[in-house]
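# A structural walkthrough
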Amino acid sequence: MSTNKLDQLYRSVIMEHYKHPKNKGVLENGNVTIDMNNPTCGDVIRLTMNVEDDIVKDVKFEGEGCSISMASASMMTQMIKGKTTEEAVKLAHTFSDMMLGKELDESIDLDDLEALSGVAQFPARIKCATLSWKAMEEGVSGESQ
Amino acid sequence: MLSKDIRNHFPILDQEVNGHPLVYLDSAATSQKPVQVIEALDRYYRFDNSNVHRGVHTLGNRATDGYEGAREKVRKFINAKSTQEVIFMRGTTTAINTVAQSYGRANVSEGDEIVITHMEHHSNIIPWQQLAKETGAVLKYIDLEEDGTLSLDKVRETITDKTKIVSIMYVSNVLGTMNPIEEITKIAHQHGAVMCVDAAQAAPHVKIDVQKLDCDFLAFSGHKMCGPTGIGVLYGKKDLLNNMEPIEFGGEMIDFVGLYESTWKELPWKFEGGTPIIAGAIGLGAAIDFLEEIGLDAIEQHEHELAGYAMDKMSEIDGLTIYGPRDPDQRAGLVTFNLDDVHPHDVATVLDMNGIAVRAGHHCAQPLMKWLDVSSTARASFYLYNTTDDVDRLVEGLRTTKEYFNDVY
């Protein structure tokens, strides 16, 4: 079978995040809650954040979905914690570009996120990867209004 | 079992996907099309294309003959009394919405009841939700048995003298359950309610006899039964349809048009506003010819055996859960399942890399997913062109999936 292509999708770092997600749960002291779902497949996510002075002080997620959506959510929370809302939104846009297979700004440190670049080759799975990012973007932009 | 040669009628099946011969196990979403249907569409557009019911010219007559000829084929296919009871529509969804908006609005009022079940497809839930909201009626659900079947006792408990409409799927697109429509119709009629049947998953696979069922409305789609997309059928009893108002107004459906008042054509055309789905109907007619030549009984038997074979083989896989009735006699040709804690999306992606097409998701049945207490499932659905080889490939693919995720975990 086409294991090589599959291995590009299911990189070990993704499976690690899926099995042992970071920041899983609900923030008790959060001031932003976003629920989002992917109506075509049933994936759901609840993102709770504590955003103060335009900084994402803390973030947790809960949800149900495939390995790609849950791993992406785990990585997202890891990356935006401590960032300004502006930086978080910029990351979301970079991630979206990555999913579209666009050239990326090399100055941005993608860290684990780079492992999700293989998703761009699986069009049916892009929405899985972007769900939590969309929730985050809605959360921080709503907060900063 | 049917001959493997049937596959040769379906050119799309003869291809490789991701380096493997295609195994198409998603016919409950949409079926593939035999060359007979593809050629009927091609022939219509090449030689006969014209508008219907108005041209004096030859092409207009040919198009009208083709379109109305298809209606007669549908009439025979479901054993309706008259072609006046066969209305062409976009699909099952439009047909059920038409019943809800035309019959429903005129006959349902505050305090009345509409009865459906927990296994319905969204297309047989939301039209009734909307009708209930508009009219103040109560939407009631018949509870399912543990194995995903309906018990007639619960049907009797739920339907009351306040019930005006009962609308139930003939065959479940998730559980595969075949529902006792004839018996439920009797119960509905005892309480003075009309019976509407969502036959989207039945029409492709089982012989439908609307007179024997005695249902009042029945809806199905062409694309799940070897026909084109964009064509479906609403069957309704003539006396009911005659008393119903159209919900789409415009060309084709009128008799006399005045400045402030108009009258409608007779059945079935009063429900077919606008230029109809001519090519789609002709394609559906060709699909019916194709299915009837093989025989619906033979098709049902083939799928029944295939599903039984699949359930046996799949049950041998450790950690695989199958949903719906265990008894193959109570179910149609599809198997909905989950594999360990591997998410159905991930299962579907690994299978796809092996050339095997299955569905993953909530199958347009979110309330049923809730009832099953899962967020989504995978589904393999079979049709007349599938073989035991396809099932073997699926089982092999599922074992690969299991190994793959065991390795990466």
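Let me begin by describing the structure that accompanies this report.

For the bond running from Leu267(B) to Pro268(B), omega is 0 degrees, close enough to zero to count as cis. On the secondary structure map, Pro268(B) appears in the loop between strand S12 (262–264) and helix H9 (278–294). Its identity as a non-glycine residue notwithstanding, Asn23(A) has a phi of 55 degrees, on the positive side. Of note, Asn23(A) is situated in the loop between helix H2 (12–19) and strand S1 (32–38). Asn23(A) sits in the buried class, given a relative accessible area of 17%.

Bringing the nonpolar core into the picture now. Residues Tyr170(B), Ile208(B), Leu218(B) and Leu384(B) are the most contacted members of the largest nonpolar core, which totals 78 residues. Excluding residues within four positions of it along the chain, Leu218(B) makes contact with Val197(B), Ala199(B), Ile208(B), Val210(B), Leu213(B), Val233(B), Leu234(B) and Tyr235(B). Of all hydrophobic cores here, the second largest spans 76 residues; its members include Met36(A), Leu306(B), Ala348(B) and Val358(B).

For the rest of this paragraph, the subject is the interface of chain A and chain B. Tallying the contact residues gives 24 residues for chain A and 20 residues for chain B. For the pairing of chain A and chain B, the buried interface totals around 1800 Å² over both sides, and the portion due to carbon and sulfur atoms is 59%. Joining chain A to chain B, the criterion identifies one salt bridge. In this structure, Arg125(A) and Asp346(B) form a salt bridge, with 2.8 Å as the shortest nitrogen-oxygen distance. Of all the elements in the fold, those that place two or more residues in the side of chain A that touches chain B are helix H1 (3–9), H2 and helix H3 (67–80) of chain A. With five residues, H1(A) is the largest single contributor of residues to the side of chain A that touches chain B.

Let us now look at empty space enclosed by the protein. Residues and elements named next belong to chain B. Counted according to the given criterion, the structure contains two cavities of 30 Å³ or more. Quantified by volume, the largest cavity comes out at close to 60 Å³. The wall of the largest cavity is formed by Ser27, Ala28, Val171, Gln201, His205, Ala332, Gly333, Leu334, Ser381 and Phe382. Here the residues of the lining of the largest cavity are counted per class, giving five nonpolar, five polar and no charged. For the second largest cavity, the calculated volume is near 30 Å³.

All names here are of chain B. Strand order across the open sheet formed by four strands is S13-S14-S17-S16, with antiparallel pairing between neighbours. Both edges of this open sheet fall to strand S13 (320–323) and strand S16 (359–361), since each of them pairs with a single strand only. Neighbouring strand axes in the sheet, compared pairwise and without regard to direction, differ in orientation by 30 degrees on average. Two elements, strand S14 (residues 334–339) and strand S17 (residues 377–381), share four bridges in a ladder whose sense is antiparallel. Counted as the bridge partner of Val335 is Ala380 from S17. Across the sheet, helix H10 (residues 296–315) lies against S13 and S14, angled at about 15 degrees from S14, the strand it touches most.

Another point: the side chain of Asn179(B). Residue and element names in this part refer to chain B. Mapped onto the secondary structure, Asn179 falls in the loop between strand S7 (163–169) and helix H6 (181–190). Separated by 2.8 Å, the side chain of Asn179 and the backbone oxygen of Met169 make a polar contact. Contacts of Asn179, omitting those with residues within four sequence positions, involve Met119, Leu150, Ile168, Met169 and Tyr170.

Estimated volume of the largest pocket: approximately 440 Å³. Lining the largest pocket are 22 residues, with Ala124(A), Arg125(A), His345(B), Ala348(B) and Thr349(B) positioned closest to its centre. Looking at the lining of the largest pocket, the elements that each hand over two or more residues are helix H5 (126–143) of chain A together with helix H11 (344–353), strand S15 (356–357) and S16 of chain B. With five residues, H11(B) is the single largest residue contributor to the lining of the largest pocket. Of the residues that constitute the lining of the largest pocket, the class distribution is eleven nonpolar, six polar and five charged.

Criteria and thresholds
- Positions within a chain are numbered from 1, following the residues in the order the chain's sequence is written.
- By the order in which they are written, chains take letters starting at A while ligands take numbers starting at 1.
- In keeping with the predicted nature of the model, local features appear solely for residues at pLDDT of at least 70, side-chain atom pairs appear and are counted solely at 80 or more, and the whole-chain, interface and lining totals rest on all residues.
- To obtain the side-chain values, all non-hydrogen atoms of the structure were used and water was disregarded.
- Each helix corresponds to a stretch of at least 4 residues labelled H or I by DSSP, and each strand to a stretch of at least 2 residues labelled E; elements are numbered beginning at the N terminus.
- Throughout, exposure labels follow a simple rule: accessible area from a 1.4 Å probe, protein chains only, divided by the maximum for the residue type, with under 20% read as buried, over 50% as exposed, and the rest as partly exposed.
- Throughout this description, the term nonpolar core refers to a set of buried Ala, Val, Leu, Ile, Met, Phe, Trp, Tyr and Cys residues connected via side-chain atoms within 4.5 Å.
- Contacts are assigned to residue pairs with any non-hydrogen atoms lying within 4.5 Å of each other.
- Each of two parts loses accessible area, computed with a 1.4 Å probe, when they are put together; buried area is these two losses added.
- Salt bridge, as used here, is a side-chain nitrogen of Lys or Arg placed within 4 Å of a carboxyl oxygen of Asp or Glu.
- The way it works is a 1 Å grid over only the protein atoms, where trapped points that fit a 1.4 Å probe form a cavity and open points with protein on both sides within 12 Å along at least five of seven lines form a pocket, and then any residue with an atom within 4 Å of a point lines it.
- Grid points are joined across faces, edges and corners, and a volume is the space filled by probe spheres set on the points.
- As a working rule, the residues Ala, Val, Leu, Ile, Met, Phe, Trp, Tyr, Cys and Pro are called nonpolar, Asp, Glu, Lys and Arg charged, and the rest polar, with Gly in that last group.
- One requirement defines pairing of two strands: DSSP has to find at least two bridges between them.
- Note on geometry: axes are lines fitted to C-alpha atoms, helical ones only across the stretch in contact, with angles between N-to-C directions running from 0 to 180 degrees.
- Each polar contact in these results corresponds to two N or O atoms within 3.5 Å; when the atoms are within protein, one needs to be able to donate a hydrogen and the other to accept it, and residues that are neighboring in sequence are counted only if both atoms are side-chain atoms.

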